[in-house]
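# Structure at a glance
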Amino acid sequence: MPNSLTILGIRGVPAAHGGFETFAEALALYLVAQDWSVTVYCQHEGDGPLWEDDWRGIHRINIPVAGNSAKSTIIFDWLSTRHAARNNSLCLTLGYNTAIFCTLLRLRGVPNLINMDGIEWSRAKWGGLAKAWFWMNERAGCWLGNHLIADHPEIRAHLSTRVAPQKITTIPYGAVPVTAADVTLVEALGLQPGTYLTLIARAEPENSILEAVQGFSEKPRGYKLVVLGNYDTENNPYHRAVKAAASDEVCFVGAIYDKATVQALRFFSAAYVHGHQVGGTNPSLVEALGAGNAVLAHDNRFNRWVAGDAAMYFNGAAGFSGAIEQLLGSAEQRALLQKNALARFQQEFTWPHVLAQYETLLENYLPQQNPGLAVAKRI
């Protein structure tokens, strides 16, 4: 009988929506290659009964829900958790946004590990009601999960204020190294290798996009700053401010979801700008390291652990302006940061290294290894 794992908390595989989906796809394919049986719940827009199929050896349980909103995702999480609770397969829940639903798994004695992601309730973009929901679910996840996974030492330190440290294992995010790319994908955007910087982030204040654009636009740079993402200048004051601050050397290329194009943008860029102020191990930063990018990162404890000496750090628009001037003025500095980026990536963030740690942890919580977990039925 093969080891069995059920993955909850994402929209499905193949990955199409973000970091957790990319991780789930990588983990599922890795475990299937190790002869595990892996099931992933997949969200679809629509109605009607669920259906099951297989994709690259991964069993998929497809659940249709009406709409494509936060409410739809909450309904999907409820339906998938309720379905998973009928089985005794080890579960891995990615994210704690609806961790209260894990009560069903706990009541039925189904072992469940939860990757607790970042400190979602602290993000400035959320209103009071959303923050209360996330805060409640973070507490619920800490209580209901048989074991917790933190993707960053600082996230583990935070969770240790909620539960005993021995209940938490730190395993970071991973990425595929980018060792080559199609230059025509960059040229199609009007860019030339080595003459631009990339900034890939949601257009939100906590990602320091305005500060980076202001600092970059302070004077002519002889380089372009390529900003990915959707900017709704009609309805969003922050988006308007970012666009208004931009010089003619800032290029807004829209949201790009094609993986090959994003990889090419990273591979041929002079540097990568990472303004995220909160969170754990950010997938975009890890992917930049895997592409050998020199990094300009917001100065905080999350980014400093991930990038280490592969980055120059900044605070505010003035700080960014000074850092960019120093970086673009020194080919030797850029080369050193690029070398350090690849070294840091190989040290910590390759998928084989990350996924092997997951497999070892998961094996410890398989039902056949821990028959005593059934006592968890009594909360």
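These lines cover the structure that appears in this document, whether it is placed above or below. Only a predicted model underlies this, so the values are computations on that prediction, with no experimental measurement involved.

Right, let's get into the overall build of the chain. Looking only at helices and strands, the chain features 14 helices and 14 strands. Taken over C-alpha atoms, the radius of gyration comes to 21 Å for the chain, in line with the 21 Å a tight globule of 379 residues would show. A principal-axis box enclosing the C-alpha atoms of the chain has dimensions of 65 × 40 × 40 Å. Counting only residues that meet the buried cut, the chain has 52% of its 379 residues in that class. Considering only residue pairs separated by 6 or more positions, the chain has 64% of its internal contacts joining residues 24 or more positions apart. Split by element, the accessible area of the chain, about 16300 Å² in all, is 53% carbon and sulfur.

Because side chains alternate across strand S7 (residues 147-150), one face comprises the buried residues His147 and Ile149, and the other comprises Leu148 and Ala150, equally buried. The pairing of strand S6 (residues 112-115) with S7 spans 3 bridges and is classified as parallel. Of the residues in S7, the one forming a bridge with Ile114 is Leu148. Bridge count for S7 against strand S8 (residues 168-170) is 3 bridges, and the pairing is parallel. Among the inter-strand pairings, Ile149 is bridged to a residue of S8, identified as Thr169. Considered for its hand, the β-α-β crossover made up of S7, helix H5 (residues 153-159) and S8 is right-handed.

What counts as what
Residues numbered from 1 in each chain as written. Predicted model: local features only at pLDDT ≥ 70, side-chain atom pairs only at ≥ 80, totals over all residues. Heavy atoms only, no water. Helix = DSSP H or I, 4+ residues; strand = E, 2+ residues; numbered from the N terminus. Rg over C-alpha atoms; globule rule 2.2 N^0.38 Å. Buried < 20%, exposed > 50% of the residue type's maximum accessible area, 1.4 Å probe, protein only. Contact = heavy atoms within 4.5 Å. Areas by Shrake-Rupley, 256 points an atom, 1.4 Å probe, with all protein chains shown as cover. Pairing = 2+ DSSP bridges. Right-handed = clockwise from strand over helix to strand, strands pointing away.

None of the figures reported here should be taken as evidence of function without further support.
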